[in-house]
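Reading the structure
One letter stands for each residue in the lines below.
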Amino acid sequence: MTTLCVILGDQLSQSIASLKGYDSSKDIVLLCEVCEEATYVRHHKKKIAFLFSAMRHFAKSLENNGFTVKYTKLDDPDNAGSFKGEVERAIKNHAIKHIVITHPGEYRVLADINSWESHFGIPVEIRADDRFLCSPEEFSNWAKNRKQCRMEYFYREMRKKYSILMESGEPIGGHWNYDAENRKPAKAGLEVPPPYANPLDRVTQEVMTLCAERFQDHFGDLEPFYFAVTREQALEALEVFIEQRLSHFGDYQDAMLESEPWMYHAHISFYLNCGLLLPLECAQAAEKAYHQKKAPLNAVEGFIRQIIGWREYVRGIYWLKMPAYAKLNFFECNKNLPDFYWTANTQMNCLRQCVSETKKNAYAHHIQRLMVLGNFALIAGIDPAQVNEWFLIVYADAYEWVELPNVSGMILFADGGYLASKPYAAGGSYINKMSDYCKNCRYKVAQKNGDAACPFNYLYWDFLARNREKLESNHRIGMMYKTFDRMSNDKKKAIEADSKKFLDSLI
Ligand code: FAD
Ligand code: DLZ
Ligand code: SF4
C-alpha cells in the first residue's frame, strides 16, 4: 500500500512526524509550490523566495537520503495551484492508498485537510507536530480554569519540563526572569556585528527570478537576499548569533537604532518557523553558551524565554482560541490601515524607518513590531483584520499561528486581555528613550500638542479617552485616567482635535 507523505512549506525538518515509518520501497513524499499559498495573502516577495528555495533544498536533501520525492515547482504547467489539487494529482498518478501529513500551522489549512478523507475516499492521518515543546492538548489542560493565562507561569512549566537553566529543581541564579536588566537603550557608538549572510546559490537565484516575474505586484524587495536556505546554513546562522550577539541580547533587547535593523537579535525566526531549526536545539545552544561563560544569565534567560516561553505560549493560545480569535475586536476599531505601512511615505521617522526596513528585509525586530508599528496601529484604532493581514504579509517568519496572537493579543488587545495584561500603548517618550529615531524626525517628541507635536503623544491620550469604559478598571493602565482627569478641559480638547485632524489626514 503506497503512502503519500505530504510535507508543507513550514515543515522542512528531517525529523518531521509525517516521515516516521516511511517505507523507501513504495512510499512517496510530496512537496509543492502552489499559487494558493503564495497569494491567499500577498506575501512579501522575499518571504516567498526564501521558502521556495528552502523547500527545493529540503527536497534535494531528502532525495540524497533515499526518499522518493515528488516536487512540484510553481511554474510546472500541470501545477494544480492548491494543496488539495496537488494531492489529487499525486493520488491519480501513483495509486496512493493512504495519506500522512503533520498537523499544519494554520487553522485555514487544517480545515482544508479535514476535507480530504471524504473528498478522496482514502484514509488521511494527521500526526501531531512534535517539533513544538507543548502540544495543543497539554496547553489546553494548563489553561483550563484559568481566567487569564499568563505567559510567565507557562514558561516556568516549560523550564521545569525540559530542565532548562535549572539546578536542583530551582531556576539557575535564583530567579525565573531577568527582564528588569534587559531594558537598556543603545549607547552612542555601539558597534553591532554584521548579520549572518549567505551567498546566493543557483537554486535561490532561480526562485528569485520566478518570484520577480510572478509576484512583481507583491510588497517588498527581493534583493539583497542573505537568508540561510538549508539546515546546515541555518545552524551556522544560529552559531553566529550565539558567538557574536547573544552576550548583548538581553541588554539591548528593547533598543532601536536608525539604519540598524538587526541589533543583537538572533534573526532565526524564519528558520525556526519553517523547520530548518528546532526550538529545543536553539534553547540548548544558548544554555550551553551560558555554562561556557560566553554570555551572561540575563541574556541567555531572556533568549530562552522567547523560544520556550513566548513562542510556545502564542501557539497554545492560537489552537485554543481559533477560529473565534481571528474575529476579535475588543475596541471595535474600524479605521483603514494607512497607506504608509506599504510605502514608508510618512514624516514620522520611527515608522518610516521600521516600514522601510521591513520592505527591504522582510524582518523587523520585536520592539519595532511592538512599540512602533503595533503601537501606532493600536492607538490610531486600525481595524484588526487589516493589521493582521499586513503583519502576515510582510515578515518572512509570519504564519498565522504566531502572527495572530502577537497582533490581536499582544499589540491590539483585541481579545480584551486574555493574552496580555494591558495594552502596550505608549507615547513618543518611550520611542525616544529606546531609540535615536526622534532626532531626525519632523515632529518634536517633547511637544504634546499642535502641528509640530509627535503624533504618538496626543494619540496615546486620545486612545485612552476613547476607550475609557473598557480600560478604566484595568489595574495596570487604569491609573492613567487619574493623570488624564487632572488635565484642563482645553488640554483635553486639544488632544481630541489634534488626533482627529491627524487621523483624518491619513490615507
Ligand atoms: P529574537 O528577538 O532574537 O528572539 C528569539 C526567538 O524567540 C525568535 O526567533 C522567535 O522564534 C521567538 N520569539 C520571540 N518573541 C516571540 C513572540 N512574541 N512570539 C513568538 N515567538 C517569539 N514572530 C514570528 O515568528 N512570526 C510572526 O509573524 C511574528 N509576528 C509578530 C507581530 C507582532 C506585532 C509582534 C509584537 C511580534 C511578532 N513576532 C512574530 C514575535 C517576534 O517579534 C519575532 O519572533 C522576532 O522579532 C523574530 O526575530 P528574531 O529571530 O531576531 O527574534
Ligand atoms: C507561506 C507559504 C508559501 C508562500 N507558499 C507555500 C507553498 O507554495 N507550498 C507550501 O507547501 N507552503 C507554502 N507556504 C507555507 C504554508 O502557507 C504553510 O505551510 C501553511 O500555512 C500551514 O502553516
Ligand atoms: Fe516617532 Fe514621534 Fe519620535 Fe517622530 S518624534 S520619531 S513620530 S516618536
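Re the pattern of salt bridges
- Applying the stated rule across the entire model yields 33 salt bridges.
- Among the ionic pairs, arginine 131 bridges to aspartate 129, the shortest N-O distance being 2.8 Å. The same class applies to arginine 131 and to aspartate 129, which are both buried.
- Salt bridges here are not isolated pairs; linked through shared partners, they connect Glu33, Arg56, Lys73, Arg202 and Glu206.

Considerations on the sheet that holds strand β2 (residues 28-32)
- Within the open sheet, the five strands sit side by side as β3-β2-β1-β4-β5. Their pairing is parallel. Here the strands that pair on one side only, and so sit at the sheet edges, are β3 (69-72) and β5 (124-127). For this sheet, the mean angle separating the axes of adjacent strands, direction not counted, is 25°.
- Note: β2 against β3, four bridges, orientation parallel. Within the sheet, the bridge partner assigned to valine 29 lies in β3 and is valine 69.
- Seen against the sheet, helix α3 (residues 83-94) touches β1 (2-6), β2, β3 and β4 (96-102) and runs at an angle of roughly 135° to β3.

A few points about the layout of surface pockets
- A volume near 420 Å³ is recorded for the second largest pocket.
- Taken together, 18 residues line the second largest pocket, and the ones lying closest to its centre are Gln347, Tyr443, Phe502, Ser505 and Leu506.
- At the level of secondary structure, the elements contributing two or more residues to the lining of the second largest pocket comprise α14 (340-343) and α23 (489-505).
- Counting residues per element, the lining of the second largest pocket draws most heavily on α23, which supplies four residues.
- Its residues assigned to classes, the lining of the second largest pocket shows seven nonpolar, six polar and five charged.

As for unusual backbone geometry
- Cis geometry marks the peptide bond from glutamate 223 to proline 224, where omega comes out at 0°.
- Assignment of secondary structure puts proline 224 in the loop between α8 (202-214) and α9 (231-244).
- In the segment running from methionine 322 into proline 323, the intervening peptide bond is cis, with an omega of 5°.
- Mapped onto the fold, proline 323 is located in the loop between α13 (297-321) and α14.
- With a phi angle near 50°, serine 163 is a residue other than glycine that sits in the positive phi range.
- Looking at the secondary structure, you find serine 163 in the loop between α7 (151-161) and β6 (166-167).
- Residue serine 163 is classed as partly exposed on the basis of its relative accessible area, which comes to 47%.

About the cut-offs
- Residues numbered from 1 in each chain as written.
- Chains lettered and ligands numbered in written order.
- Predicted model: local features only at pLDDT ≥ 70, side-chain atom pairs only at ≥ 80, totals over all residues.
- Heavy atoms only, no water.
- Salt bridge = Lys/Arg side-chain N within 4 Å of Asp/Glu carboxyl O.
- Buried < 20%, exposed > 50% of the residue type's maximum accessible area, 1.4 Å probe, protein only.
- Pairing = 2+ DSSP bridges.
- Helix = DSSP H or I, 4+ residues; strand = E, 2+ residues; numbered from the N terminus.
- Axes fitted to C-alpha atoms, helices over the stretch in contact; angles between N-to-C directions.
- Contact = heavy atoms within 4.5 Å.
- 1 Å grid on protein atoms, 1.4 Å probe; cavity = no way out; pocket = protein on both sides within 12 Å on 5 of 7 lines; lining within 4 Å.
- Points joined across faces, edges and corners; volume = space filled by probe spheres on them.
- Nonpolar A, V, L, I, M, F, W, Y, C, P; charged D, E, K, R; others polar.

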